[in-house]
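A structural walkthrough
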Amino acid sequence: MMEIPSIFIPEDWSFTFYEGLNRHPDSIFRDKTVAELGCGNGWISIALAEKWSPSKVYGLDINPRAVKIAWINLYLNALDDDGVPIYDGEGKTLLDRVEFYESDLLSYCRDNKIELDRIVGCIPQILNPNPEAMSKIVTENSSEEFLYSLSNYCALQGFVEDQFGLGLIARAVEEGISVIKPMGIMIFNMGGRPGQGVCERLFRRRGFRITKLWQTKIMQAADTDISALVEIEKNSRHRFEFFMDLVGDQPVCARTAWAYMKSGGRISHALSVYSCQLRQPNQVKKIFEFLKDGFHEVSSSLDLSFDDDSVADEKIPFLAYLASFLKENKYNPCEPPAGCLNFRNLVAGFMKSYHHIPLTPDNVVVFPSRAVAIENALRLFSPALAIVDEHLTRHLPKQWLTSLAIEGRADCNNAEDTVTVIEAPRQSDLLIELIRKLKPQVVVTGMAQFEAITSAAFENLLSTTKVVGSRLFIDISEHLELSSLPSSNGVLKYLAGKTLPSHAAILCGLVKNQVYSDLEVAFAISEDAAVYRALSQTIELLEGHTSQISQHYYGCLFHELLAFQIADRHPQQERQPAEVIPQKMIGFSNSAMSTLKEAEFFIPDSKESGVVHMDLDRSFLPVPSAVNASIFESFVRQNITESETDVRSSIQQLVKDSYGFPADGCSEIIYGNTCLALFNKLVLCCIQDQGTLLFPLGANGHYVSAAKFVNANTLTIPTKLDSGFKIEPRVLADTLETVSRPWVYISGPTINPTGFLYSNNDIQELLSVCAKYGARVVIDTSFSGLEFQTDGWSRWNLERCLSAVNCPKPSFSVALLGEPSFELTAGGHDFGFLILNDSSLVDTFHSFPSLSRPHSTLKYTFKKLLGLKNQNDEHFSNLIMEQKEALKSRANHLIKTLESCGWDVAAGSRGGISMLAKPTAYMGKTFKVDGFEGKLDGCNIREAILRSTGLCINSSSWTGIPDHCRFSFALESSEFERAMGCIVRFKELVLGSKASQINGN
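All figures in this text were calculated on a predicted structure; none of them were measured in a lab.

Thresholds applied
- Residues numbered from 1 in each chain as written.
- Predicted model: local features only at pLDDT ≥ 70, side-chain atom pairs only at ≥ 80, totals over all residues.
- Heavy atoms only, no water.
- Helix = DSSP H or I, 4+ residues; strand = E, 2+ residues; numbered from the N terminus.
- Buried < 20%, exposed > 50% of the residue type's maximum accessible area, 1.4 Å probe, protein only.
- Areas by Shrake-Rupley, 256 points an atom, 1.4 Å probe, with all protein chains shown as cover.
- Patch = residues over 30% accessible without salt bridge, like charges linked within 9 Å, V, L, I, M, F, W, Y side chains within 5 Å.
- Salt bridge = Lys/Arg side-chain N within 4 Å of Asp/Glu carboxyl O.
- Contact = heavy atoms within 4.5 Å.
- Pairing = 2+ DSSP bridges.
- Axes fitted to C-alpha atoms, helices over the stretch in contact; angles between N-to-C directions.
- Phe/Tyr/Trp six-rings, centres within 6.5 Å; stacked < 30°, edge-to-face > 60°.
- Lys NZ or Arg CZ within 6 Å of the ring centre and 35° of its normal.
- Disulfide = S-S within 2.5 Å.
- Domains from an automatic or database assignment.
- Right-handed = clockwise from strand over helix to strand, strands pointing away.
- Parallel < 35°, antiparallel > 145°, perpendicular 65-115°, else oblique.
- Left-handed = near helix turned anticlockwise from the far one by under 90°.
- Nonpolar A, V, L, I, M, F, W, Y, C, P; charged D, E, K, R; others polar.
- pLDDT = per-residue confidence, 0-100.

Concerning the overall build of the protein
A tally of regular secondary structure across the protein gives 35 helices and 29 strands. Structurally, the protein occupies a C-alpha span of about 105 × 70 × 65 Å along its principal axes. Here the protein, with 1001 residues, has 60% of them falling under the buried criterion. Total accessible area on the protein stands at roughly 40500 Å², and carbon and sulfur atoms take up 49% of it.

So this is what it looks like as structure tokens:
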């Protein structure tokens, strides 16, 4: 073998590595494609090829002179003394099997799209004590000293392992993941100086199973300066491991070893050879493909090490799915409030494949939790008396559980009555006896384990509730197994043979996962179309929607159970039709029925075409990489501390900086999945207070409908177009004169849906009036923070406003609602908060415990994002500014389009995501299209536009303002352009092309 001074001379380090390779069976390299990193003079690549006959060995080194010497050594070994090629038993020479290339780690293989079976490496693991030296460009004309240093030292690589000198190994491993075949193996030499645990974690946290092939001690090379390790110890608590000579068995730190070497002593360190194989290669490859696409900083948080294989089998596929989802969806996908269509399909598919129940997505409604599902169902029917399983009452309102009004409640639809809940034992014979005696309108129960195996107990409950006239909600949460071999389930066994009667529904809370004990999603199954539709609309009104991330997590579990199955392999058996249910069965409550009839709900896509949604309180603008990085990091991390998910201080700073709102240590900050869920709990507090909720004319129609659904007393505060539909102090005072126990709802600083702004002086005057009359004020800031036209507008300082209030009545208080996801461009990942400063209101609020709360991963995400905003991170601040500019541009474009098409726009929109317009040119026009015929007005124009163009807006029924419709414009760019085309198309259909040209001129 030829050697020159600028390359690494084989010694103990590489000899030990070769011994480790020898520990593998011969077959591991035979006929494989292999790459050796840091090949030096090429002796290991040549020896490997000669002994194991691989298909090809690529010897790679960053040192160009090393590559030349390796080629020379290859020819010296491939030819005999006469220069004749030496052939092996397969008729090949070493020249056929080995090639050498200059390459920074695996760049040659990556650039040439070479897939590898094996990657082996014996590369430097000590940081150069002279970092500037490593920044030089490697060329063939570099000095001998510099090229030789590449064999001993590595530069900082931007990995967390840099602190241990292992950054180059970390980069090699991550590059290897992208080019190695799924069943490939990596083998690396690892100096034991950082400690065995640190060395092994480098591989484990990247998803590898590892095997230690060989371990020994070797002398530390005398020409390697370990002062960089001494410096690391100085600046951290980590201690490296060296030994005094080869016989020492007690480790010493780098500082001690350095001093001992300086005094003439010899030191050694452990040297191990590790064989590594990805535990779920295809999924891990997806994860790293996502990370290298602009998310390198997240890789420091990556932790794919699991002691329990079942945890790994669940979490790694989800992370791969999440990586693909975030990569493919640059915008917030538009999903129905009833639940993501894909998730409902998966639930239905699981029921069909494993339990032979032919469900469709239109039988499945998704809820944030089982507790929310139960309370929403009870509010939908508002029964005079309900019997609820004692195990399922913990999150129900306290008033329901303490009411004794059982007798004299024949009219169960009397909306003024409180629901009375009686706790019942789970044992079916005792429960049936209670049902027969008490005759409740609704029964909610689970099943004892011994009774859940067969369908007998369920059939008895169906029969009894049918005779009595009770609605039955049966909970199967404890008995549904997400397994490829689920145990017998009596309820599902019944449904396989019979259609679910219309008076019964199935509830299931999904909490059985291996990773997150507090991550929950629930679903309800109903085969009655009216009940399914009403439950879906209840979710939309009271919750908004269920967290998409939570649905993705459990959807991934369902997908893993379905992905390998052959679809429709088993013929579906004929099911018996459901029995006819008597008319005496309780229907929806009066308030629910009137609200469901009048409110405007989500319109799903049809089979023929998709709907363009300008009717939703959601942003579909591009999601920045910082948001996706925070979301992904929240899941790849393990052992996140409580302080890392405590967003209290971040929220306090947000409301102080944005609104000057005092949220001190005495304030109660409550978090919800959505701002709407928090608002609805406040509405219940208003009802409990026997108060009246005052909305300004032109408030968010969704919030108004939600209040009406739960039968709150509501009143409208008159507003006018010329004042931007803002509440005027004089009009507010006149309204409060007529109301006892008033609760005033104010959307601001940005008003939803008008886009107008309340100034600091505006809100101070309103708060002064409210204080005078002792009103409780609910300020909703959830659509604020996106003000794009602020000339002449004064930013709020609520602390100063409140301190200026004179002699407020004791009942006066201010609650602040917020949802930073709009401003933080975190579309689709909602996070609501509520700040209360009134202790009595706090107690009342907590008496409604079924609030759907954000999971710890979302708290972690929003703490990271709020940190970027609160610290005025330049890049993140620019993203927010870009979003405001995009909204301003959309608003201007929309105004021009509407005005050119015969709409009168309520001019003055200066922020938010929506505006109002009046269809002046269309009023009274007769219009006919498939499914619609009539004279157009502010109410029916929504249906007319939808049926003729596919564009969905909010009508005047939603805004509450006569003849004024709402347009939400935070759409993805192509959808926005499509929406503009729909507006023009509707003009042409109704007004004709000539009128169009006239209006255009």
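Looking at a nonpolar patch on the surface
There is a patch of nonpolar side chains on the surface, built from M2, I72 and L76 and spanning about 250 Å² of accessible area. Locating L76 in the fold gives a position in helix α3 (residues 64–78). By relative accessible area, which is 51% here, L76 ends up exposed.

Describing the environment of V98
In this structure, V98 sits in strand β3 (residues 98–102). Not counting chain neighbours up to four residues away, the residues in contact with V98 comprise S45, A49, K56, V57, W71 and L74.

Things to note about the sheet that holds strand β14 (residues 504–510)
Reading across from one edge, β9-β15-β14-β13-β12-β10-β11 is the order of the seven strands in this open sheet, with mixed pairing throughout. For this open sheet the edge positions go to β9 (364–367) and β11 (420–424), each flanked by a neighbour on one side alone. Pairs of neighbouring strands in the sheet enclose a mean axial angle of 20°, with direction left out of account. Pairing of strand β13 (residues 471–475) with β14 involves four bridges; the strand directions are parallel. What sits directly across from I474, in β14, is I506. Against the sheet, helix α18 (residues 456–468) touches β12 (442–445), β13 and β14, its axis set at about 160° to β13. Contacts from helix α21 (residues 548–562) reach β9, β14 and β15 (521–525) within the one sheet, and its direction differs from that of β15 by about 70°.

Details of the packing of aromatic side chains
Overall, the coordinates contain 38 aromatic pairs when judged by the stated rule. Ring centres of Y58 and Y108 lie 6.1 Å apart, and the angle between their planes is 45°; on these two criteria the pair is classed as tilted. Residue Y58 is located in strand β2 (residues 56–61), and its partner Y108 is located in helix α5 (residues 107–111); the two are separated by 50 residues in the primary sequence. Judged by its relative accessible area of 12%, Y58 is buried. Here W903 and Y922 contribute two aromatic rings whose centre-to-centre distance is 5.8 Å and whose plane-to-plane angle is 50°, an arrangement assigned as tilted. One end of the pair, W903, is in the loop between α32 (874–900) and β24 (904–905); the other, Y922, is in the loop between β25 (914–918) and β26 (926–929), and 19 residues separate them in sequence. No difference in accessibility class separates W903 from Y922, as the two residues are buried. Through successive ring pairs, a cluster of aromatic residues spans W903, Y922, F927, F932, F967 and F986. Directly above the aromatic system of F243 lies the positively charged group of K217, at a separation of 4.1 Å from the ring centroid. The ring centre of F976 lies 5.1 Å from the NZ or CZ of R890, which sits over that ring.

Brief notes about the sheet that holds β24
If you trace the three strands from one edge of the open sheet to the other, you get β24-β25-β29, paired in antiparallel fashion. Each edge of the open sheet carries a strand with a single partner, namely β24 and β29 (965–968). The strands touched by α32 are β24, β25 and β29; relative to β25, the strand with the most contacts, the crossing angle is about 10°.

Brief notes about helix α11 (residues 281–291)
Among all positions in α11, only P281, V284, K285, I287, F288, F290 and L291 are buried. Against the buried residues of α11 lie α7 (167–179), β5 (180–191), β8 (267–278), α12 (309–328) and α23 (625–636).

So, the state of the cysteines
The tally for this structure, following the rule as stated, stands at zero disulfides. Free cysteine: C122, not disulfide-bonded; nearest cysteine sulfur from C39 at 11 Å.

Some thoughts on the environment of K896
Take K896: it is sitting in helix α32. A relative accessible area of 61% means that K896 is categorised as exposed. Sequence spacing of K896 and S470 is 426 residues, and the spatial spacing of their C-alpha atoms is 56 Å.

A closer look at the domain arrangement of the protein
Structurally, the protein comprises domain 1 (12–219 + 271–278), domain 2 (280–328), domain 3 (341–405 + 415–575), domain 4 (612–620 + 886–992) and domain 5 (648–877). The straight-line distance from the C-alpha centre of domain 1 to that of domain 5 is 61 Å.

What to know about unusual backbone geometry
In this chain, G748 is followed by P749 through a cis amide linkage whose omega measures 0°. Tracing the backbone through its elements, the reader meets P749 in the loop between β20 (742–747) and α28 (760–773). Backbone torsion omega between N752 and P753 reads 20°, so that peptide bond is classified as cis. Located in the positive-phi region is F725, a residue other than glycine, with phi close to 55°. By the element assignment, F725 lies in the loop between β19 (713–717) and α27 (729–736).

A few points about the pairing of strand β1 (residues 33–37)
Burial analysis of β1 places five of its five residues in the buried class, the great majority of the element. As defined by bridge partners, β1 adjoins β2 across five bridges and the pair is classed as parallel. Note that in β2 the partner of V34 across the bridge is V57. A crossover links β1 with its parallel partner β2, the connecting element being helix α2 (residues 43–52), and its sense is right-handed. In this structure, β1 lies alongside strand β4 (residues 116–121), joined through four bridges in parallel fashion. Paired with A35 across the bridge in β4 is I119.

Topic: the packing of α23 against helix α31 (residues 856–870)
It is the contact of α23 with α31, at a shortest axis distance of 8 Å, that shows an interaxial angle of 140°. Between α23 and α31, the angle is such that the two are oblique. Where α23 crosses over α31, the two elements pack in a sense that is right-handed. Judged by residue contacts, A626, V627, S630, I631, E633, S634 and F635 of α23 engage T857, Y860, T861, K864, L865 and L868 from α31. Within the contact of α23 with α31, the residues separate by chemical class into seven nonpolar, four polar and two charged.

Section: the confidence of the model for the protein
Of the residues in the protein, 93% have a pLDDT of 70 or more, and the chain-wide mean is 89. Between residues 408–416, whose pLDDT stays under 50, and residues either more than four places distant or in other chains, the model counts 17 contacts. In this model, residues 994–1001 is a region of pLDDT below 50 whose contacts with residues beyond four sequence positions or in other chains number five contacts.

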